[in-house]
Amino acid sequence: MNSIKSPPAWPGRAAGTHASNAPLFTVPARRLWYVLCVVVAATVAGFGLLGPSVDLENYRMLFDWVAETDFAELALGSDPGYLVLSRLAYLTGLGFQGLLFAIALATCAAKATMLWRLPTDRAVLVGLYASYLFWLHEYTQIRIALALGLVMLGIYVVRRGRWLLFIAAVTLHASALAVVLLYAATRSPRRALLGAFLVLAALYFIGALDGLILNIATRVAFYSYYRDAGEFDQLNIFSLMPMAQGLMILLALHHRDRLPEHGRMELTFAVVGLLSFYGLSFLPVLAFRTYELFIPFFLILVSRLWRYSVGIRLLGLIYIALGLRASFMGPASLLALI
């Protein structure tokens, strides 16, 4: 019986690879494309090309205070990693604007590196992320953006030394500790306890533990104060974006057998984030801050299941439209507040 021979391979392509499955760009070209995207995104966020963010003046005042404070006091303060970076930017002459661009560049590079290594629909993930979360984190909340970038780099890319990235992330923004501990818990309860001990021991060793505890206590007190004072006293539990997220999580549960190990972790993170939005609604600011920590992992989850579910695709498009509206349209949108 005559065997069927495969057609000859195209130059630079493995034999048996069909033309329709060939990558559109070579690896060097894709890397160049990634670098260009990182530079463009960092430039938009770092230089505030669409206008100053709502948090910009707070960061500027913090930078002015850091310029007159020594390292010993900064190390004992709230979010010491960010304070030390600000002090270094001042001493080296980089300045406030240079600090913003450096943070944006590091954040975008960390997340692009993670995206390069992630086996998912990258175009979908970028579309989901760019519709809302980029403007909330990279453009506005630069500290938590960089902290989450380091955490995600530790989870998806770095194996040896990932806890060093986690510790650095917690010093940049204390809320990153919630993501780190939940990640450890999804690995195993024993690892969660060990991870918590390592992070807290490292923070104690560098003198930042007191600042972390004070930071968390102060934030909760402020959230309570704002609520009691009538500011940020309401959380719209009927907001469409969390509702769309909830429906997509239900569909993801239906398709959970298709998820790899990291995908199941992302599903857990998405559920925790959504539950925090509703469960902490008595402290609206805390509820939203906790909810937004886990949105990146929810978006990765959606991109993993995009091709398997028509429902997820439809809801994903609705989510993108809602994200664009929340970012650009209406008096309460992110960029209307600038």
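The structure under discussion appears in the preceding block.
The structure displayed is predicted, hence computed values, not measured ones.

Participant: Quick question: what am I supposed to make of the side chain of Ser131 here?
Facilitator: Considering the arrangement of structural elements, one finds Ser131 in helix α6 (residues 122-131). Here Ser131 falls in the buried class, since its relative accessible area comes to 2%. From its side chain, Ser131 meets the backbone oxygen of Leu128 in a polar contact 2.8 Å long. Here Ser131 is in contact with Ile320, Gly323, Leu324 and Ser327, once residues within four sequence places are set aside.

Participant: Sorry if this is basic, but what is going on with the nonpolar core here?
Facilitator: The nonpolar side chains of a soluble globular protein tend to be buried, and buried together. Counting 89 residues, the largest nonpolar core has Tyr156 and Leu299 as its most contacted members. The leading source of residues in this core is helix α8 (residues 142-156), at 11 residues. Contact partners of Leu299, with chain neighbours within four places excluded, come to Leu125, Leu128, Tyr129, Leu133 and Tyr319.

Participant: Can you walk me through the packing of helix α5 (residues 95-117) against α6 in this structure?
Facilitator: Two quantities define a packed helix pair, namely the angle between the helix axes and the distance between the axes. Put simply, α5 and α6 touch, their axes get as near as 10 Å, and they point 150 degrees apart. By the angle between their directions, the pair α5 and α6 is classed as roughly antiparallel. In the crossing of α5 with α6, the sense of the turn from one axis to the other is right-handed. Contacts between α5 and α6 involve Lys111, Leu115 and Trp116 from the first element and Arg122, Leu125, Val126 and Tyr129 from the second. Split by residue class, the contact of α5 with α6 holds five nonpolar, no polar and two charged.

Participant: Got a minute to help me understand helix α4 (residues 80-91) in this structure?
Facilitator: Because each turn of an α-helix spans 3.6 residues, side chains separated by three or four positions end up pointing in the same direction. For α4, which comprises 12 residues, the first-to-last C-alpha distance of 16 Å matches the rise-based estimate of 16 Å (1.5 Å per residue) to within 8%. Along α4, the residues classified as buried are Pro80, Gly81, Tyr82, Leu83, Ser86, Arg87 and Ala89. In this structure, the buried side of α4 is in contact with α2 (56-66), α3 (71-75), α5, α8 and α9 (162-172). Phi turns positive one or two residues past the end of α4, at Gly93, with a value near 80 degrees.

Participant: Whenever I open this one, the environment of Gly95 confuses me. Can you help?
Facilitator: Position of Gly95 among the secondary structure elements: in helix α5. For the pair Gly95 and Ala67, spaced 28 residues apart in sequence, the C-alpha to C-alpha distance is 9.9 Å. Look past the residues within four positions of Gly95 in its chain and what remains in contact with it is Phe63 and Ala89.

Participant: How should I be thinking about the pattern of salt bridges in this particular structure?
Facilitator: Should their charged atoms come close, side chains of opposite charge can pair. Summed over the entire model, instances satisfying the criterion amount to five salt bridges. For Glu138, the salt bridge is made with Lys111, and the minimal N-O distance between the two is 2.7 Å. Linking Glu138 in the loop between α7 (133-136) and α8 with Lys111 in helix α5, this pair joins segments that are 27 residues apart in sequence. When its relative accessible area of 10% is taken as the criterion, Lys111 is described as buried. The residue Glu261 makes a salt bridge to Arg187 at a minimum N-O spacing of 3.0 Å. Separated by 74 residues along the polypeptide, Glu261 in helix α14 (residues 261-279) and Arg187 in helix α10 (residues 176-187) bring together distant segments of the chain. On the basis of relative accessible area, Glu261 is assigned to the exposed category, the value being 58%.

Participant: Help me understand the packing of aromatic side chains in this model?
Facilitator: Aromatic rings considered in pairs are described by the distance between their centres and by the relative angle of their planes. Under the definition given, this model contains 16 aromatic pairs. Judged by centre distance (4.8 Å) and plane angle (85 degrees), the rings of Phe269 and Phe297 are edge-to-face. Residue Phe269 is located in helix α14, and its partner Phe297 is located in helix α16 (residues 295-305); the two are separated by 28 residues in the primary sequence. Here the aromatic cluster, defined as three or more aromatic residues joined through ring pairs, consists of Phe134, Trp135, Tyr139 and Phe328. Taking the ring centre of Phe71 as reference, the NZ or CZ of Arg87 above it sits at 5.8 Å. Arg143 extends its terminal NZ or CZ atom over the ring of Tyr82, reaching a point 5.7 Å from the ring centre.

Rules used throughout
Residues numbered from 1 in each chain as written. Predicted model: local features only at pLDDT ≥ 70, side-chain atom pairs only at ≥ 80, totals over all residues. Heavy atoms only, no water. Helix = DSSP H or I, 4+ residues; strand = E, 2+ residues; numbered from the N terminus. Buried < 20%, exposed > 50% of the residue type's maximum accessible area, 1.4 Å probe, protein only. Polar contact = N/O pair within 3.5 Å; in protein donor to acceptor, adjacent residues only side chain to side chain. Contact = heavy atoms within 4.5 Å. Core = buried A, V, L, I, M, F, W, Y, C linked by side-chain atoms within 4.5 Å. Axes fitted to C-alpha atoms, helices over the stretch in contact; angles between N-to-C directions. Parallel < 35°, antiparallel > 145°, perpendicular 65-115°, else oblique. Left-handed = near helix turned anticlockwise from the far one by under 90°. Nonpolar A, V, L, I, M, F, W, Y, C, P; charged D, E, K, R; others polar. Expected span 1.5 Å × (residues − 1). Salt bridge = Lys/Arg side-chain N within 4 Å of Asp/Glu carboxyl O. Phe/Tyr/Trp six-rings, centres within 6.5 Å; stacked < 30°, edge-to-face > 60°. Lys NZ or Arg CZ within 6 Å of the ring centre and 35° of its normal.

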